[in-house]
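If you want the building blocks of each chain, they are given just below.
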Amino acid sequence: MGKTYERIDGRLRTFIEEQPLFFTATAPLAGDGTVNLSPKGLTGSFAVLDELTLAYLDFAGSNAETIAHLRENGRITLMWCAFQGPPNIVRVHGRGEAVFRDDPRFAGLLTRFPDIDPSLHGLRAVIVVHAELIRDSCGYAVPYMAYEADRELHGKRFAREDDASLSEYFEKKQHIAVSLDGLPGLPLPLPPSSV
């Protein structure tokens, strides 16, 4: 039932780009470390860069587990489920990196997200994922659910922050600079934003 793909193109790419929600999974190298699984949304915050490269905007939140795990070992899995239409689950297993605001690639990557204003959400980094294994599966047990709209709360909360206040916010959070397992997380203070 499952199929392996050489690249993200055609119908597969269309499916991925149409989904309003996806999940990221990462883990530290330590066997007793904390596995992280995060839902991601916000229309326009995800992009297929090429047939083997994907990216999403990493916004302000109360921890930085994905960033910490990527800094330690780079392993990441992205997953999309069809909640409407024919059943399907797509997973992209690969290597990821957090491209931070002071990286020379950062400004160029932001041009790949023209449909979202990242300044409203406390943008921390762009997560870039290089696919190593692309597979789908049936998704027969995934329920039908209807997408209504993006929530406005995140943008309303973080639109009022500037670089200095956003850094202060992150410095007060226990698991931003250091992960739940003690790994280096988001480098602080944040470099100034160019957006």
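Above this note sits the structure.
Overview of the structure. (Residues numbered from 1 in each chain as written. Predicted model: local features only at pLDDT ≥ 70, side-chain atom pairs only at ≥ 80, totals over all residues. Heavy atoms only, no water.)

## Points about the nonpolar core
Ile-16 and Trp-80 are the most contacted members of the largest nonpolar core, which totals 34 residues. In terms of residue count, strand E8 (residues 125-137) provides more of this core than any other element does, five residues in total. Ala-55, Phe-113, Leu-123 and Val-128 belong to the second largest nonpolar core, which has 15 residues in total. (Core = buried A, V, L, I, M, F, W, Y, C linked by side-chain atoms within 4.5 Å. Buried < 20%, exposed > 50% of the residue type's maximum accessible area, 1.4 Å probe, protein only. Helix = DSSP H or I, 4+ residues; strand = E, 2+ residues; numbered from the N terminus.)

## With respect to helix H2 (residues 65-72)
Of all eight residues in H2, six are buried, a share of seventy percent or more. Of the residues making up H2, those classed as buried are Glu-65, Thr-66, Ile-67, Ala-68, His-69 and Leu-70. The inward-facing, buried residues of H2 abut strand E2 (22-26), strand E3 (36-40), strand E5 (53-58), strand E6 (75-81), strand E7 (89-100) and E8. Residue Gly-74 follows H2 closely and has a positive phi angle near 75°. (Contact = heavy atoms within 4.5 Å.)

## Concerning helix H5 (residues 163-172)
Leu-166, Ser-167, Tyr-169 and Phe-170 are the residues of H5 that are buried. Seen end-on, H5 carries its buried residues on one side only, within an arc spanning 160°. Those residues of H5 that are buried are in contact with helix H4 (153-158). Between a side-chain oxygen at the N-terminus of H5 and the backbone nitrogen of Ala-164 the separation is 3.2 Å; the capping residue is Asp-162. (Arc of directions from axis to C-beta. Polar contact = N/O pair within 3.5 Å; in protein donor to acceptor, adjacent residues only side chain to side chain.)

## Topic: the pairing of E2
Burial analysis of E2 places four of its five residues in the buried class, the great majority of the element. Inspection of the sheet shows E2 paired to E3 by five bridges, in the antiparallel sense. Directly across from Phe-22, in E3, lies its bridge partner Lys-40. Pairing analysis gives three bridges linking E2 to E6, with the strands arranged antiparallel. By the bridge assignment, Phe-23 is partnered in E6 with Met-79. (Pairing = 2+ DSSP bridges.)

## A closer look at the packing of aromatic side chains
Under the counting rule described, the total for this entry stands at six aromatic pairs. The interplanar angle of 75° and the centroid separation of 5.3 Å between the aromatic rings of Phe-158 and Tyr-169 together place this pair among those described as edge-to-face. Taken as a pair, Phe-158 in helix H4 and Tyr-169 in helix H5 lie far apart in primary sequence, 11 residues in all. Here the aromatic cluster, defined as three or more aromatic residues joined through ring pairs, consists of Phe-22, Phe-46, Tyr-56 and Trp-80. Seen from the ring of Phe-158, Arg-157 lies directly overhead, with NZ or CZ sitting 4.6 Å from the centre. A cation over an aromatic ring shows up here: Arg-157 above the ring of Tyr-169, its NZ or CZ 4.9 Å from the ring centre. (Phe/Tyr/Trp six-rings, centres within 6.5 Å; stacked < 30°, edge-to-face > 60°. Lys NZ or Arg CZ within 6 Å of the ring centre and 35° of its normal.)

## What about the environment of Ser-179?
Along the chain, Ser-179 turns up in the segment after H5. You can call Ser-179 buried: its relative accessible area is 2%. The sequence separation of Ser-179 and Ala-68 amounts to 111 residues, and the corresponding C-alpha distance is 6.1 Å. Beyond its immediate stretch of four places on either side in the chain, Ser-179 contacts Glu-65 and Ala-68.

## Overview of the pattern of salt bridges
Considering all chains together, one arrives at eight salt bridges under this definition. A salt bridge links Glu-97 to Arg-105, with the nearest nitrogen and oxygen atoms 3.0 Å apart. Arg-105 sits in the partly exposed class, given a relative accessible area of 39%. Across the pair Asp-103 and Arg-105 runs a salt bridge, and its minimum N-O distance is 2.9 Å. Here the salt bridges do not stand alone but share partners, grouping Glu-97, Asp-103 and Arg-105 into one network. (Salt bridge = Lys/Arg side-chain N within 4 Å of Asp/Glu carboxyl O.)

Keep in mind these numbers describe shape, not what the thing actually does.
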